[in-house]
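Fold and geometry: a report
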Amino acid sequence: MSKLEFTITQSDERARTGLLQVNGRQVETPALVASGDELEKLSPLQLKQTGIRAVKTSGLKRWLKYDSVTEKLGDLHQLFQWDGLLFVDLETEEAYRLAKPRGKKHDGVRFHDPTTGQLKFWQPATALQIQEVLGADIFQSFDQATDYYAPVDDLKAGVKQTNDWLSVVVSQKEQALGSIVGGGLRDLRTASIEAVDEAGLSGYRLSGIPNNLDDPEFSRIINEITPKLAEQKLRYLPAALSFDQMLVAILAGVDLIDSNLAAKKAANGTALVNQGASALHLDREHFRFDSQVIDRQCACITCQAGYSRALLHSLITNHSFYGEQLLLQHNLFTLNKLMSSLRQAIKNYQTKNFVQELLQNQ
Ligand SMILES: [Zn+2]
């Protein structure tokens, strides 16, 4: 175990570049955390070739499947032969979604496992232990997942409970992020931030921002939260965002962003082009005899191998997993390259212009 080290290397207004180092692994930020089950879809070499250096994988689902013998799985870096950064997802939102109102306890959340029907109790201490045994590089504190638009009293109770649970990860505080909750309410979010600061954790996990939030509300809340965070600490946004929201988050000064966009698009037969700002729906008929590669400028394995749109169309319409893999590699490469261009734009103090141009070319 080693202490998480994060250094900001450059700022352009609120956007910043940084270097994150932990357990001998290193990631330049802003960066994406691939959260579309990539470890289970690509080989370590394929994943490495996309340039992605951080992934998130399920903790709750593994615990539901293996229960008290989860530790026998060991470190997932070893299991998947993955040498990049690893986040183990607590999926508290899923657990609370499955729980009945009386399942919300002061020491965790009780719900029936949808697969086996068994009653399970997902608790902060268990969640930390699962992150430890599965080899997470960065730990996350447990949060009481509450609906973004829930009544104020419910959100208040969620903040209090989440703050109380920070004590569970204090033993790992040099490598742990504290959950910031409170729906869309500024005062509650502020109370949450203060509690994480008091606990002396290494950074923030901006929780409870749902993926169906509309763009203006997303922009409001993210720009309200980030100026209140300690400048030198790491900011992680574990939400499945749209392309535009991803850019808004980076402009607001977020360092690590979950993204399942590449995987979601690949599963739908869609290739991201134009730095991720537009898409080719390769399942459509007019690609049937298109001999061009997805993108002539692209240096990904799929485009470099010369695989045509016609081949991808044929694989996708035959529901071939190989077709999905080829698209996933291209999409991850494209989004990872976008992050690298954004870091360059921040270093050149051109972030806003870069983002505006990108959005205009959609
Ligand atoms: Zn490509």
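Treat the numbers as computed from the prediction; the structure is a model and nothing was measured.

**Considerations on the coordination of the zinc ion**
Note on metal sites: the ideal angle is 109.5 degrees for four tetrahedral donors, and 90 or 180 degrees for six octahedral donors. For the zinc ion, the full set of protein donor atoms is Cys298 (SG), Cys300 (SG), Cys303 (SG) and His330 (ND1), at a range of 2.1 to 2.3 Å. Coordination geometry of the zinc ion: the four donor atoms subtend angles of 105 to 116° at the metal centre, consistent with an arrangement described as tetrahedral. Mapped onto the sequence, the residues coordinating the zinc ion show the spacing C-x1-C-x2-C-x26-H. Within this pair, whereas Cys298 is found in the loop between strand 16 (278-281) and helix 12 (301-304), its partner His330 is found in helix 14 (residues 321-347), the two being separated by 32 residues in sequence. Accessibility expressed as a relative area gives 7% for Cys298, which makes it buried.

**With respect to the pattern of salt bridges**
Within this structure, the stated rule accounts for 20 salt bridges. Measuring nitrogen to oxygen at the nearest pair gives 3.3 Å for the salt bridge that ties Asp143 to Arg205. Highlighted residues: Asp143 in the loop between strand 10 (139-140) and helix 6 (152-164) and Arg205 in strand 12 (residues 203-206), separated in sequence by 62 residues. With a relative accessible area of 4%, Asp143 lands in the buried category. Arg205 sits in the buried class, given a relative accessible area of 6%. Across the pair Asp164 and Lys160 runs a salt bridge whose closest N-O atoms are separated by 2.9 Å. Linking Asp164 with Lys160, this pair stays in helix 6, spanning four residues, or about one helical turn. According to the relative accessible area criterion, Asp164 is partly exposed, its value standing at 41%. A relative accessible area of 52% places Lys160 in the exposed class. The network of salt bridges with common partners includes Arg16, Glu231 and Asp255.

**Looking at the sheet that holds strand 2 (residues 15-22)**
Spatially, three strands are ordered 1-2-3 in an open sheet, and the strand pairing comes out antiparallel. Two strands close off the open sheet at either side, each with one partner strand: strand 1 (5-12) and strand 3 (25-29). Neighbour-to-neighbour, the strand axes of this sheet turn through a mean angle of 10°, independent of strand direction. In this structure, strand 2 lies alongside strand 3, joined through five bridges in antiparallel fashion. Each bridged residue has a counterpart across the sheet, and for Leu19 the counterpart in strand 3 is Glu28.

**Describing the pairing of strand 13 (residues 234-237)**
Residues of strand 13 alternate between two faces, with Leu234 and Tyr236 on one and Arg235 and Leu237 on the opposite face, all of them buried. Direction of pairing for strand 12 relative to strand 13: parallel, over a ladder of three bridges. By the bridge assignment, Tyr204 is partnered in strand 13 with Arg235. Taken together, strand 12, helix 9 (residues 215-225) and strand 13 form a β-α-β motif whose crossover is right-handed.

**Some words on unusual backbone geometry**
Cis geometry marks the peptide bond from Thr29 to Pro30; its omega dihedral reads -5°. Take Pro30: it is sitting in the loop between strand 3 and strand 4 (31-34). You will see that Glu13, though not glycine, has its phi angle at about 50°, which is positive. Summarising the element assignment, Glu13 is placed in the loop between strand 1 and strand 2. Unlike most non-glycine residues, His319 shows phi in positive territory, near 55°. On the secondary structure map, His319 appears in the loop between helix 13 (309-317) and helix 14.

**Overview of the UniProt feature "domain: tRNA-guanine(15) transglycosylase-like" (unreviewed entry) in the protein**
When the UniProt feature table is mapped onto this chain, "domain: tRNA-guanine(15) transglycosylase-like" (unreviewed entry) is found at residues 14-361. When the span residues 14-361 is considered, its composition is 41% helix and 19% strand, and the gap between its end C-alpha atoms is 24 Å.

**Brief notes about the domain arrangement of the protein**
Looking at the assigned domains, one finds that the protein contains domain 1 (5-259) and domain 2 (269-354). On the side of domain 2, 24 residues touch domain 1, which itself brings 28 residues to the contact. Surface buried jointly by domain 1 and domain 2 totals about 2300 Å² across both partners, of which 67% is contributed by carbon and sulfur atoms. In this assembly, domain 1 and domain 2 are joined by four salt bridges. Between Lys41 and Glu324 there is a salt bridge; the shortest N-O distance is 4.0 Å. Run the count over domain 1 and domain 2 and you get seven residue pairs in polar contact (both at pLDDT 80 or more). Elements represented by at least two residues in the side of domain 1 that touches domain 2 include exactly strand 1, strand 2, strand 3, strand 4, helix 1 (44-49) and helix 10 (243-251). Broken down by element, the residue count for the side of domain 1 that touches domain 2 peaks at five residues, all from helix 10. When its residues are assigned to classes, the side of domain 1 that touches domain 2 shows 13 nonpolar, nine polar and six charged.

The rules we used
Residues numbered from 1 in each chain as written. Predicted model: local features only at pLDDT ≥ 70, side-chain atom pairs only at ≥ 80, totals over all residues. Heavy atoms only, no water. Donors = N, O, S within 2.8 Å, 3.2 Å for Na, K, Ca; no water. Tetrahedral: all angles 85-135°; square planar, octahedral: opposite > 155°, others 65-115°. Helix = DSSP H or I, 4+ residues; strand = E, 2+ residues; numbered from the N terminus. Buried < 20%, exposed > 50% of the residue type's maximum accessible area, 1.4 Å probe, protein only. Salt bridge = Lys/Arg side-chain N within 4 Å of Asp/Glu carboxyl O. Pairing = 2+ DSSP bridges. Axes fitted to C-alpha atoms, helices over the stretch in contact; angles between N-to-C directions. Right-handed = clockwise from strand over helix to strand, strands pointing away. UniProt positions renumbered as here; feature names shortened; annotations may be inferred. Domains from an automatic or database assignment. Contact = heavy atoms within 4.5 Å. Buried area = accessible area lost by both parts, 1.4 Å probe. Polar contact = N/O pair within 3.5 Å; in protein donor to acceptor, adjacent residues only side chain to side chain. Nonpolar A, V, L, I, M, F, W, Y, C, P; charged D, E, K, R; others polar.

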